[in-house]
Amino acid sequence: MIRLLLAEDQGMMRGALALLLNLEPDIEVVAQVGTVAEAMEAARDVRPDVALLDIEMPDGSGLDTAAMLREQVPDCRVLILTTFGRPGYLRQAMEAGTAGFLVKDGPVEQLAVAVRRVLAGHRVIDPALAAAALAAGPNPLTCRERHVLTAAADGATIADIAARLHLSESTVRNYLSAAIGKTGTRNRIEAARSARANGWI
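Given the structure is predicted, the values throughout are model-derived calculations rather than measurements.

The rules behind the values
Residues numbered from 1 in each chain as written. Predicted model: local features only at pLDDT ≥ 70, side-chain atom pairs only at ≥ 80, totals over all residues. Heavy atoms only, no water. Buried < 20%, exposed > 50% of the residue type's maximum accessible area, 1.4 Å probe, protein only. Helix = DSSP H or I, 4+ residues; strand = E, 2+ residues; numbered from the N terminus. Pairing = 2+ DSSP bridges. Right-handed = clockwise from strand over helix to strand, strands pointing away. Core = buried A, V, L, I, M, F, W, Y, C linked by side-chain atoms within 4.5 Å. Contact = heavy atoms within 4.5 Å. Axes fitted to C-alpha atoms, helices over the stretch in contact; angles between N-to-C directions. Salt bridge = Lys/Arg side-chain N within 4 Å of Asp/Glu carboxyl O. Arc of directions from axis to C-beta. Polar contact = N/O pair within 3.5 Å; in protein donor to acceptor, adjacent residues only side chain to side chain.

Participant: Break down the pairing of strand 7 (residues 100–103) for me, with residues and values.
Facilitator: The alternating pattern of strand 7 places Gly 100 and Leu 102 and Phe 101 and Val 103 on opposite faces, both of which are buried. As judged from the four bridges shared by strand 6 (residues 77–82) and strand 7, these two strands associate in the parallel manner. Opposite Leu 81, over in strand 7, you have Leu 102 as the bridge partner. Where strand 7 meets strand 8 (residues 124–125), two bridges bridge the pair, whose relative direction is parallel. The partner of Gly 100 across the bridge, within strand 8, is Val 124. At this point the chain moves from strand 7, through helix 5 (residues 108–119), to the parallel strand 8, and the crossover so formed is left-handed.

Participant: Lay out the nonpolar core in plain terms, naming residues and giving numbers.
Facilitator: Formed by 26 residues in total, the largest nonpolar core has its most connected members in Leu 5, Ala 51, Leu 53, Leu 69, Val 78, Ile 80 and Phe 101. Of all the elements in the fold, those that place two or more residues in this core are strand 1 (2–7), strand 2 (27–33), helix 2 (36–46), strand 3 (50–53), helix 3 (62–72), strand 6 and helix 4 (87–95). With five residues, the top contributor of residues to this core is helix 2. Apart from residues lying up to four places away in sequence, Ile 80 is in contact with Leu 53, Ile 55, Gly 62, Leu 63, Ala 93, Thr 98, Gly 100, Phe 101 and Leu 102. Core analysis: the second largest hydrophobic core is formed by 20 residues, Ile 2, Leu 17, Val 50 and Leu 81 among them.

Participant: Outline the sheet that holds strand 8, listing residues and values.
Facilitator: On the basis of which strands lie adjacent, the open sheet formed by six strands has the order 2-1-3-6-7-8 and parallel pairing. Among the strands making up the open sheet, the edge pair consists of strand 2 and strand 8. Along the sheet, helix 2 makes contact with strand 1 and strand 2, crossing strand 2 at roughly 140°. Each of strand 1, strand 2, strand 3, strand 6, strand 7 and strand 8 touches helix 5; the most contacted strand, strand 6, lies at about 155° to it.

Participant: Before we move on, could you go through the pattern of salt bridges and cite the residues and values that matter?
Facilitator: Across all of its chains, the model carries eight salt bridges by this definition. One salt bridge in this structure joins Asp 54 and Lys 104, with 3.6 Å as the shortest N-O distance. Linking Asp 54 in the loop between strand 3 and strand 4 (56–57) with Lys 104 in the loop between strand 7 and helix 5, this pair joins segments that are 50 residues apart in sequence. What emerges from the salt-bridge pattern is a single network uniting Glu 8, Asp 54 and Lys 104.

Participant: Any chance you could break down helix 2 for me, citing the residues and the numbers?
Facilitator: Along helix 2, the positions that sit buried rather than exposed are Val 36, Ala 39, Met 40, Ala 42 and Ala 43. The buried residues of helix 2 occupy an angular sector of 165° when projected down its axis, which confines them to one face. Packed against the buried residues of helix 2 are strand 1, strand 2, strand 4, strand 5 (60–61) and helix 3. Its side-chain oxygen at 3.0 Å from the backbone nitrogen of Glu 38, Thr 35 defines the N-terminal cap of helix 2. Positive phi shows up at Arg 47, right after helix 2, with a value of about 50°.

Participant: Describe unusual backbone geometry, with residues and values.
Facilitator: You will see that Arg 47, though not glycine, has its phi angle at about 50°, which is positive. Within the fold, Arg 47 resides in the loop between helix 2 and strand 3. When its relative accessible area of 46% is taken as the criterion, Arg 47 is described as partly exposed.

Participant: Pulling in residues and values, what's your account of the side chain of Thr 82?
Facilitator: Mapped onto the fold, Thr 82 is located in strand 6. Judged by relative accessible area, Thr 82 falls into the buried class, the value being 0%.

Participant: If you had to explain the environment of Ala 152 to someone new, which residues and values would you point to?
Facilitator: Mapped onto the fold, Ala 152 is located in helix 7 (residues 143–152). For the pair Ala 152 and Arg 188, spaced 36 residues apart in the sequence, the C-alpha separation amounts to 6.9 Å. Beyond its immediate sequence surroundings of up to four residues, Ala 152 is in contact with Ile 161, Leu 176, Arg 188 and Ile 189.

Just geometry here; none of it tells us what the structure is for.
What follows is the structure, encoded as structure tokens:
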């Protein structure tokens, strides 16, 4: 049996996925969780073969969880399942060491096949998303620009961002200006929106 950890923040979706996957003759959902913290605790406790992770969770990202799993439970293969089919997210997922990346609009049979394939050592990527990622090219933002844009996304002031990231206000302005230029937008709110839409932050 393939022992599967399911991390999905929406309870109804989580329950439905677990029910459908448990119908497969060779898959057993051994843990169902809704947060990153619960996912890590369950992974350490039950040692699943495959972790099926959503990207957006209340206390963090499935992409961060994937990186932590690679470190703490290295035998567990990670498959990302998300509504956010963005090229930047796919790149981040691959950098985090995930074995697969699928969007939620596919049939459950495809998901079961993907679980089996990643456990067998294969990479499984949604073909349309893979093509979009190749067309989009690499993330143009530096690590610091991403951090500053993320901090700016909630409408924080320059002073707030500077204090939060331990930078000077002029440095924050420089990073924001560079990010606005690279995203081809008019201001930091638009830049943050564009970066998020592309999966760059």
